[in-house]
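One letter stands for each residue in the lines below.
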Amino acid sequence: MSTGHVIKDKRIRLLNAIAGVVILLMMFVSVVLLLQRQSLEGIQDYSDGWTVVYHGKRYENVNFHDFVLPETPDRNDVMTLTKHLDPHVPPDSSLMLLTYLSKVNVSYNDIPLYHYGREDEADGRMVGSGYHFFRIHSFMQDKDLKIEIQAAEDAAFTNVDPIYLVPSDMVIPTYAKRHAWSIFNSIFLFMLGVCLIIVSAAPIDHWENRARLTMIGTFSLLMGMWTMGSVKFLQLLSSDLTMNSEIEYMSLFLAPMPLFLLICSLRKEKGGWQHRIMHIIIAVFGTADATFILLHFLGIVHMCITLSAFHIIAALSLLATIVSGLERFQNMNQQQRVMNLGLLILLAFGAIDLVRFNLQKFFFPNVPILSESYLPVGAVVFIMFLLVGYLMYLYDLMKKETERQTLTHLAYRDPMTGLYNRASIIDIFQQALDVGEDVTLLLFDVNGLKHTNDSMGHAMGDELIVAFSKCLSKAFERIGTGARIGGDEFVMLVSGERRKKIESALATFAELEQSASKEIGFAIRAAYGMAGSDEVSEKTTDEVYRLADARMYAMKQRMKEEGVSDFRE
């Protein structure tokens with residue numbers, strides 16, 4: 001197969017891979033749009049008409065869609081929410097309440113109904129964030145419901161998320177509809193990461209190339225897990241809110257590391273100070289990550305407190321990565337251009353999300369457009385850029401490898417016949433002798449090549465050489481290694497016990513000569529000489545070749561004396 005055909009075939013496979021990613025994205029968007037179009041009946045916004053007491057101040061008739069506390073709470077500050085339950089609350093309904101890093105106590109007419117967080121705090125664990133669902137029974141109707149939210153960390157909350165009254169069997173669909181985009185975004189990132197890691201584990205390429213795919217997959221998987229935690233999707237799998245929050249924070253803290261390792265691997269090819277900068281970034285970021293996680297599990301400082309420090313270190317590391325990788329656009333290869341553009345997009349989404357987070361927390365707590373993180377969208381876009389860049393990288397590798405194989409083929413093979421050339425067969429012969437193997441060399445000389453070239457043209461002479469090589473290769477294909485060592489000289493090496501099959505191969509070769517002669521219109525004949533390495537005193541390639549050459553010329557002389565014709569009349 002020619003170089004062009006090989007590259008074309010690999011390009012088709014590359015395009016198929018890209019098409020697969022695009023189809024996966026289209027399916028993902030379609031599912032999200034279908035879910036968002038679903039109609040959920042029986043859902044009641046229960047955020048209006050509450051009384052809020054905080055720091056001794058009472059707020060009447062509060063609607064949580066536009067309520068913001070005048071100051072951020074310190075640890076152990078309590079916010080109390082009370083509401084007289086409607087006597088017409090539908091039976092078998094549940095209240096859905098979202099809290100962050102806070103203990104929760106729920107009661108009606110001062111009778112305890114539900115509590116969360118006291119045990120975790122007593123054990124020194126971080127009090128997790130998540131949804132609380134508690135059923136409104138018929139005996140609670142027309143009574144006062146009281147919810148106490150106590151901050152387990154400084155600045156745990158600045159507002160109250162909207163509260164919904166939903167049929168108990170519609171809790172999960174209600175949650176899913178509210179977070180449709182983020183849920184499927186998280187599933188897409190997670191599953192894409194798993195698929196990439198599985199694919200990278202298959203021994204189909206060099207380890208370094210598979211390691212890069214592993215890093216992309218790990219980054220995608222960690223971003224998916226973080227998104228699942230941030231929208232509380234993990235709560236559908238586990239009711240342990242603390243563990244879910246720990247997974248959320250750890251995924252976020254660890255996610256940049258495979259990204260930095262990937263960039264370090266890419267810069268390794270050029271080396272220089274840019275590569276050393278990446279080593280420094282990885283060391284600093286890895287140390288910070290390890291410190292934050294260790295402090296958390298030792299119960300000294302929880303990860304939610306070190307989140308701001310993480311944001312600063314991650315932003316500075318990403319900025320240093322981008323700046324250190326900047327160079328003239330025309331000097332970048334395709335993968336570098338795609339990578340840098342993706343990094344800029346990710347940094348932009350990260351900056352926008354940081355602004356969104358603070359606006360939502362401190363100024364506009366319940367503006368829908370600010371309620372969902374934009375970073376997962378940026379992560380999806382960035383990972384698509386990474387995959388396109390990786391596919392470009394693989395395509396370049398395949399192209400270079402194909403070119404290398406072609407050049408290697410040209411260096412070791414005769415271009416006309418495809419057999420080994422003189423240098424290759426001498427090397428193969430010498431290796432066999434070096435390990436003490438007995439080798440038989442057959443030296444062939446094609447009769448009448450000069451006469452064919454002079455009388456019928458070089459094209460016909462080439463046809464003669466090609467036809468002869470095909471006969472030789474087919475006759476000895478199971479027992480020997482062939483080479484063309486000159487214009488009309490061919491060699492066949494037969495080793496070991498296969499020597500006993502030589503006579504049968506020569507008989508087959510004679511039959512093939514006759515058949516090929518009829519096809520091309522003139523006789524294909526050759527003289528040959530055979531010599532074994534065990535027949536010479538000095539077991540060298542030159543000695544064996546000289547003996548075979550002498551016997552070949554003796555046979556050629558006999559053929560001339562017998563008047564063997566080289567051509568058909």
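Refer to the preceding data block for the structure.
Calculation criteria
- Residues numbered from 1 in each chain as written.
- Predicted model: local features only at pLDDT ≥ 70, side-chain atom pairs only at ≥ 80, totals over all residues.
- Heavy atoms only, no water.
- Helix = DSSP H or I, 4+ residues; strand = E, 2+ residues; numbered from the N terminus.
- Expected span 1.5 Å × (residues − 1).
- Buried < 20%, exposed > 50% of the residue type's maximum accessible area, 1.4 Å probe, protein only.
- Patch = residues over 30% accessible without salt bridge, like charges linked within 9 Å, V, L, I, M, F, W, Y side chains within 5 Å.
- Areas by Shrake-Rupley, 256 points an atom, 1.4 Å probe, with all protein chains shown as cover.
- Salt bridge = Lys/Arg side-chain N within 4 Å of Asp/Glu carboxyl O.
- Lys, Arg positive; Asp, Glu negative; His and termini not counted.
- Charge placed at Lys NZ, Arg CZ, Asp CG, Glu CD.
- 1 Å grid on protein atoms, 1.4 Å probe; cavity = no way out; pocket = protein on both sides within 12 Å on 5 of 7 lines; lining within 4 Å.
- Points joined across faces, edges and corners; volume = space filled by probe spheres on them.
- Nonpolar A, V, L, I, M, F, W, Y, C, P; charged D, E, K, R; others polar.
- Core = buried A, V, L, I, M, F, W, Y, C linked by side-chain atoms within 4.5 Å.
- Pairing = 2+ DSSP bridges.
- Polar contact = N/O pair within 3.5 Å; in protein donor to acceptor, adjacent residues only side chain to side chain.
- Contact = heavy atoms within 4.5 Å.
- Axes fitted to C-alpha atoms, helices over the stretch in contact; angles between N-to-C directions.
- Parallel < 35°, antiparallel > 145°, perpendicular 65-115°, else oblique.

**Notes on helix 9 (residues 307-324)**
Each turn of an α-helix holds 3.6 residues, which means side chains three or four residues apart point in the same direction. Between its terminal C-alpha atoms helix 9 stretches 25 Å, which fits the 26 Å expected from 18 residues at 1.5 Å a residue. Regarding helix 9, the residues found buried are Leu 307, Phe 310, Ala 314, Ser 317, Leu 318, Thr 321, Ile 322 and Ser 324.

**Some details on a positive patch on the surface**
On the surface, Arg 478, Arg 498, Lys 500 and Lys 501 cluster together to form a positively charged patch. Topologically, Arg 498 is positioned in the loop between strand 13 (489-495) and helix 15 (502-520).

**Description of empty space enclosed by the protein**
Remark: the empty space left among the atoms is shown by a probe the size of a water molecule rolled over them. Applying the stated criterion to the full structure yields two cavities of 30 Å³ or more. Taken as a whole, the largest cavity encloses approximately 60 Å³ of empty space. Forming the boundary of the largest cavity are Ser 129, Gly 130, Gly 229, Lys 232, Leu 234, Gln 235, Leu 241, Asn 244, Ser 245 and Glu 248. Counting residues per element, the lining of the largest cavity draws most heavily on helix 6 (residues 241-254), which supplies four residues. Here the lining of the largest cavity is composed, by residue class, of two nonpolar, six polar and two charged.

**With respect to the nonpolar core**
Among the nonpolar cores identified, the biggest contains 83 residues, and Phe 64, Met 79, Leu 81, Leu 145 and Ile 147 are the most heavily contacted of them. Counting residues in each nonpolar core, the second largest holds 27 residues, with Phe 444, Met 492, Phe 509 and Ala 526 among its members.

**Digging into the sheet that holds strand 1 (residues 44-45)**
The four strands are arranged 1-10-5-8 in an open sheet whose pairing can be described as antiparallel. Pairing within the sheet leaves two strands with one partner each, and these edge strands are strand 1 and strand 8 (130-136). Sheet topology places strand 5 (residues 93-99) next to strand 8; seven bridges connect them, and they run antiparallel. Its bridge partner being in strand 8, Met 96 is matched across the sheet by Phe 133.

**Let's talk about unusual backbone geometry**
Phi angles above zero are rare outside glycine, and Asn 109 is one such case at about 50 degrees. Mapping Asn 109 onto the fold places it in the loop between strand 6 (102-108) and strand 7 (111-116). Not every positive phi belongs to a glycine, and Asp 110 is a case in point at roughly 65 degrees. Relative to the helices and strands, Asp 110 is located in the loop between strand 6 and strand 7. Classification of Asp 110 by relative accessible area gives exposed; the value is 64%.

**Remarks on the side chain of Thr 321**
With respect to the helices and strands, the residue Thr 321 is situated in helix 9. From its side chain, Thr 321 meets the backbone oxygen of Ser 317 in a polar contact 2.8 Å long. Discounting residues that sit within four places of it in the chain, Thr 321 has contacts with Phe 260, Ile 263, Arg 267, Met 278, Ile 281 and Leu 343.

**A short note on the environment of Arg 422**
Following the sequence through the fold, Arg 422 ends up in helix 12 (residues 422-434). Excluding anything up to four places from it in sequence, Arg 422 contacts Arg 484, Ile 485 and Tyr 545.

**Focus on the packing of helix 12 against helix 16 (residues 541-561)**
Describing two packed helices takes the angle between their axes plus the distance from one axis to the other. Contact pair helix 12 / helix 16: the axes reach a minimum separation of 10 Å and the direction vectors enclose 115 degrees. For the element pair helix 12 / helix 16, the angle class is roughly perpendicular. Residues Arg 422, Ile 426, Phe 429, Gln 430 and Leu 433 of helix 12 form the contact with helix 16, whose own contacting residues are Thr 541, Val 544 and Tyr 545. Split by residue class, the contact of helix 12 with helix 16 holds five nonpolar, two polar and one charged.

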